[in-house]
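Observations on the three-dimensional arrangement
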Amino acid sequence: ATGDLITRDSQFEIRGLLMGRGTNYLITEGSNSGLGTPDIYASEEALGRDHGSVGGREFAGGRKISFPVAIRATSRAQLETNLAALREAWKPAEASGDIEVEAAWQLGGTKFMVRGRPRGASGLDLDGMPLFFARAECAFAAFDPRIFAITEDLETITIGAAGSTRGYPAGYVKSYTGASDT
């Protein structure tokens, strides 16, 4: 499940690629939008025969999540492998046939998730290639502006023969909760 690879704060997971602290894909600081701010769509109506307008409902649009990544390796071959894995994980959904992708990260001990489409790993800088180092900018379009907390809301059931006192406990995640509008 999305978020299962994450073991510590400041890690990000998409399509089975774990990025951030303790990985070969370091999320660095720089000019980026971070978790982005959703656009606001309003439905004001202009007054036809007077000054001003009548306020309507406001809705949050999608958000763009982007951040720079430093890719490191111990050899040129490993760097090429890491770059290929980065390109594959961040490949736009249209190219992979995915309709929607889940992306997750952890901050403050809590895992969060958004749904949307990767927009690619662009701006590849290979100047550090002789040192087995490269940079890229990763972008993700979350169509739903809400950020969901991935909780450990587990349901445990016992699987066994009807009428038997023996069984095996099984658990599954019941839900994602804690949606945020920010």
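Refer to the preceding data block for the structure.
Now for a quick tour of the structure. Note that the structure is predicted; figures quoted are calculated from it, not measured. (Residues numbered from 1 in each chain as written. Predicted model: local features only at pLDDT ≥ 70, side-chain atom pairs only at ≥ 80, totals over all residues. Heavy atoms only, no water.)

What follows concerns the nonpolar core. Formed by 26 residues in total, the largest nonpolar core has its most connected members in M19, I71, L86, W90 and F140. By residue number, the principal contributor to this core is strand 11 (residues 133-142), which donates five residues. Beyond its immediate sequence surroundings of up to four residues, M19 is in contact with S10, Q11, F12, Y25, I27, F67, V69, L86, W90 and C138. I6, L18, F148 and I150 belong to the second largest nonpolar core, which has six residues in total. (Core = buried A, V, L, I, M, F, W, Y, C linked by side-chain atoms within 4.5 Å. Buried < 20%, exposed > 50% of the residue type's maximum accessible area, 1.4 Å probe, protein only. Helix = DSSP H or I, 4+ residues; strand = E, 2+ residues; numbered from the N terminus. Contact = heavy atoms within 4.5 Å.)

Under the definition given, this model contains four salt bridges. Across the salt bridge formed by E102 and R115, the nearest N and O atoms sit 3.4 Å from each other. One end of the pair, E102, is in strand 9 (residues 101-107); the other, R115, is in strand 10 (residues 110-125), with 13 residues separating them in the sequence. The salt bridge involving D144 is made with R146; its shortest N-O contact spans 2.6 Å. R146 gets classed as partly exposed once you look at its relative accessible area, which sits at 33%. (Salt bridge = Lys/Arg side-chain N within 4 Å of Asp/Glu carboxyl O.)

Another point: the environment of T23. Note that T23 resides in the loop between strand 2 (17-20) and strand 3 (25-27). If we skip the residues at most four places from it in the chain, T23 touches Q11, L18 and R72. In this structure the side chain of T23 is engaged in a polar contact, spanning 3.0 Å, whose partner is the backbone oxygen of Y25. (Polar contact = N/O pair within 3.5 Å; in protein donor to acceptor, adjacent residues only side chain to side chain.)

Keep in mind that these numbers describe shape and distance, not what the molecule does.
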